[in-house]
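# Descriptive analysis of the structure
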Amino acid sequence: MLKLKINNNLLECGTDEAGRGCLAGPVTAAAVILPNDFQHPFLTDSKQLSEKKRLELRAIIEKEAICYSVVHIMMDEIDKINILNASILGMHRAIAGLSTPPEFIAVDGNKFKPFNDTPFECVVKGDGKYLHIAAASILAKTYRDEFMFEIHEKFPQYNWKKNKGYPTKEHREAIREIGSSIFHRKSFKLLPDPTLLDL
């Protein structure tokens, strides 16, 4: 089982994001503070779990967490400030949205900017090491997937309900045939360089 948190004596949140590598849709960030007696044998990095398991765990996290917050950073903001800054901004907004301010922040990955004066630590692959980061990864992933299901209804030709906006061959073929949509990130390379294609 994953460790609960980095500092056992502090009120500590875990934070993570989902959707950094997508061509369409928001980048979604979450922050979670779990109680000190929280444990769950199957809670781990959201990418290692089935959609059904993620949704089961989301219900448990939302019921048992001291508090949690989920934020979408939309495409126009991503295009203005770039995806790394948008990911960090999303985590900042999620942390700011917690009803109880954390005393320490555990961040998935290796890049972050100070949030107020709250101490933090970046943990590479933290969603596979700490329960609160794993919980944040599940909330970020499931809320983002829901958003992609909703916009799929408006633009089914991109099949976002399946690819969630990631650059699959099918997604890129649809962009090539019909162009981009209002939900695509204009600052991203939506199609590969034609000189690199096998024609």
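Below or above, wherever it landed, is the structure these notes cover. (Residues numbered from 1 in each chain as written. Predicted model: local features only at pLDDT ≥ 70, side-chain atom pairs only at ≥ 80, totals over all residues. Heavy atoms only, no water.)

### Quick notes on the overall build of the protein
Scanning the protein for helices and strands turns up six helices and five strands. Each helix and strand of the protein, placed in order from N terminus to C terminus, yields the pattern β-β-α-β-α-α-β-β-α-α-α. Its C-alpha atoms give the protein a radius of gyration of 17 Å, near enough to 16 Å, the size a compact globule of 199 residues would have. Counting only C-alpha atoms, the protein reaches 60 × 35 × 30 Å along its principal axes. Within the span of the protein, comprising 199 residues, buried residues form 50% of the whole. Contacts in the protein between residues far apart in sequence, at least 24 positions, make up 66% of those at least 6 positions apart. (Helix = DSSP H or I, 4+ residues; strand = E, 2+ residues; numbered from the N terminus. Rg over C-alpha atoms; globule rule 2.2 N^0.38 Å. Buried < 20%, exposed > 50% of the residue type's maximum accessible area, 1.4 Å probe, protein only. Contact = heavy atoms within 4.5 Å.)

### So, helix α4 (residues 131–152)
The first and last C-alpha atoms of α4 sit 31 Å apart over 22 residues, in line with the 32 Å expected at 1.5 Å per residue. The buried fraction of α4 amounts to 18 of the 22 residues, a majority that puts the element mostly inside the structure. (Expected span 1.5 Å × (residues − 1).)

### Things to note about the packing of helix α1 (residues 51–64) against α4
At a minimum axis separation of 9 Å, α1 and α4 run at an interaxial angle of 115 degrees. Where α1 crosses over α4, the handedness of that crossing is left-handed. Contact residues: α1 offers E51, R54, L55, L57, R58, I61 and E62, while α4 offers A135, I138, L139, K141, T142, Y143, D145, E146 and F149. Split into classes, the residues belonging to the contact of α1 with α4 amount to eight nonpolar, one polar and seven charged. (Axes fitted to C-alpha atoms, helices over the stretch in contact; angles between N-to-C directions. Left-handed = near helix turned anticlockwise from the far one by under 90°. Nonpolar A, V, L, I, M, F, W, Y, C, P; charged D, E, K, R; others polar.)

### Re helix α3 (residues 83–96)
An ideal rise of 1.5 Å per residue puts 20 Å on 14 residues; α3 measures up with 20 Å between its terminal C-alpha atoms. Three or more residues of α3 are buried, namely I83, A86, S87, I88, G90, M91, H92, A94 and I95. Those residues of α3 that are buried lie in contact with β1 (12–18), β2 (27–33), β3 (67–73), α2 (75–81) and β4 (104–108).

### Focus: the sheet that holds β2
The strand order across the open sheet built from five strands is β3-β2-β1-β4-β5, with neighbouring strands paired in mixed fashion. The two strands at the open ends of the sheet, each matched to only one other strand, are β3 and β5 (120–123). Averaged over all pairs of adjacent strands, the angle between their axes in this sheet comes to 20 degrees, without regard to strand direction. Two elements, β4 and β5, share four bridges in a ladder whose sense is parallel. Along β5, the bridge assignment pairs V107 with C122. The sheet strands contacting α4 are β1, β2, β3, β4 and β5, and the helix crosses β1 at an angle near 35 degrees. (Pairing = 2+ DSSP bridges.)

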